[in-house]
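Structural characterization, general
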Amino acid sequence: MTVTPAFLQLQESNGTAVREELAAGLLNQPASVSPKFLYDALGSRLFSAITELPEYYPTRTEAAIFAAHGANMARQVSPGALMLDLGAGCCAKAARLFPVLQPAGYVAVDISVDFLRDTLVTLQQRHPALPMLGLGLDFSSTLTLPDDALPWLAQHRLENRPRVVFYPGSSIGNFSPPEALRLLRQAHAVCQAGGAGGGLLIGVDRVKPVDVLEPAYDDSLGVTAAFNRNLLLHANHLLGTDFQPRQWTHVALYHTAESRIEMHLESAIDQTVRWPGGERHFVAGERLHTENSYKWTPDAFAALLEQAGFRPTAHWTDERAWFSVFWAVAQT
Ligand SMILES: C[S@@+](CC[C@H](N)C(=O)[O-])C[C@H]1O[C@@H](n2cnc3c(N)ncnc32)[C@H](O)[C@@H]1O
């Protein structure tokens, strides 16, 4: 029998608000758009390819931490929880933890709706007994489990299960520290709504030498460059811009004072980008800022977790101390 995952799409990916946000970002001085616009179906596939690159250490380093310490993690995290995977992508990391953490339900949240839908259909076939719900939503505006999810929770008796928010891949690094605090506070509220025993299992990339960081975001095959330039195709689709990706160069630099990798697209020529209702002139060398990826020290991140209402309860790292995974209990 084919089991189909439940799916709720909570926002129109090309609605007016999205177009206005994108246009406002293009008109900023300097031009700057949210990294969430990197992810359409092609962007999600390109990101999956990035995780295979020799230079991109975060995915395999985090996977090694889960492999080495999974049993220990299982002793901390309540079994039979409702697992909410933020920015689930291809859901592979959560799926690898199913046998270890034994969740009673799985909610995968992602803005890349078509990719998530396809991924979950396949995943549900591999785990037919695990109730699955896809949520197509942008959690940078708000992160809640919507009322529309209540019938699914009730159907599977998941309303009062502890909630484990899983946020791997150092995606939290896409947010500035104040934005990250805001998101973590919302994650805390999601955990609290499930009662005691909930918490956050989160992967965080650490400050490290620039000669490791920069190649991870500017690989020799040019996959990250394609991922970055795909934002232009996505903008053409969403807003009707006339970006020509060949006229833009990928730039990735570590900004030491801010402890962040910055990705930009640099205009190769003087050009005017036009869209219905607007335009922006770029001189040659002018940049469009597309992503930040903040790097943390464990102490600073533990302090952020506490500010958000979590008690950092356990912390695991790898041999080189490049990446951290925290389990943080949601305090009531
Ligand atoms: C860096 S990838 C990480 C994917 C996967 N969790 C991993 O660790 O390999 C970030 C994921 O978050 C999703 N994402 C980015 N911004 C988002 C937002 N504002 N709301 C929901 N999902 C978002 C992307 O579509 C993508 O799947």
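For the structure itself, consult the block above.
Quick summary incoming for the structure in this document. For every chain, the first residue of the written sequence is number 1, and numbering continues from 1 along that sequence. The predicted origin of the model limits local features to residues at a pLDDT of at least 70 and limits the giving and counting of side-chain atom pairs to 80 or more, whereas totals for whole chains, interfaces and linings rest on all residues. Water and hydrogen atoms were dropped before computing side-chain values, which therefore reflect all heavy atoms in the structure.

Now for the pairing of strand β14 (residues 323-330). Relative accessibility thresholds used throughout: buried, under 20% of the residue-type maximum; exposed, over 50%; partly exposed, between the two (1.4 Å probe, protein chains only). Runs of E in the DSSP output that reach at least two residues are strands. Runs of H or I that reach at least four are helices, and both are numbered from the N terminus. Of all 8 residues in β14, 8 are buried, a share of seventy percent or more. The two faces of β14 match: Phe323, Val325, Trp327 and Val329 on one face and Ser324, Phe326, Ala328 and Ala330 on the other face are all buried. Two strands pair if DSSP finds at least two bridges between them. Looking at chain direction, strand β7 (residues 199-205) and β14 are connected through 7 bridges and run antiparallel. Bridged to Asp205 within β14 is Phe323.

Once that is clear, we can look at the site of the ligand. For this description, a residue counts as near a given molecule or strand if any of its non-hydrogen atoms is within 4 Å of it. Inspection of the region around the ligand gives 17 residues, with Gly87, Lys93, Asp110, Asp138 and Phe139 positioned closest. We call two N or O atoms a polar contact when they sit within 3.5 Å, provided that within protein one can donate a hydrogen and the other can accept it, with sequence-adjacent residues counted only if both atoms are side-chain atoms. Here an oxygen atom of the ligand sits 2.5 Å away from a polar atom, N or O, in the side chain of Asp110. The protein chains shown are the only cover counted for residues, whose accessible areas, like all others here, come from Shrake-Rupley with a 1.4 Å probe. Look at the ligand: alone it shows 590 Å² of surface, and the protein chains cover 92% of it.

Next up on the list: the sheet that holds strand β13 (residues 310-317). One open sheet holds the 8 strands; their spatial order is β1-β5-β4-β3-β6-β7-β14-β13, and the pairing between them is mixed. Each edge of the sheet is formed by a strand with only one pairing partner; in this case those strands are β1 (6-9) and β13. Neighbour to neighbour, the strand axes of the sheet diverge by 20 degrees on average, direction disregarded. The sheet contact formed by strand β6 (residues 163-167) and β7 spans 4 bridges and is parallel. Across the sheet, the residue bridging to Val164 is Gly199, located in β7. Only heavy atoms enter the contact rule, under which two residues are in contact if any of them lie within 4.5 Å. Each axis is a line fitted through C-alpha atoms, and for a helix only the stretch in contact is used; angles between axes span 0 to 180 degrees, taken between their N-to-C directions. Lying over the sheet, helix α4 (residues 92-101) contacts β3 (82-86), β4 (105-110), β5 (132-136), β6 and β7, oriented at roughly 160 degrees with respect to β3. Its contacts with the sheet put helix α7 (residues 177-192) on β3, β6, β7, β13 and β14, and the angle it makes with β6 is roughly 150 degrees.

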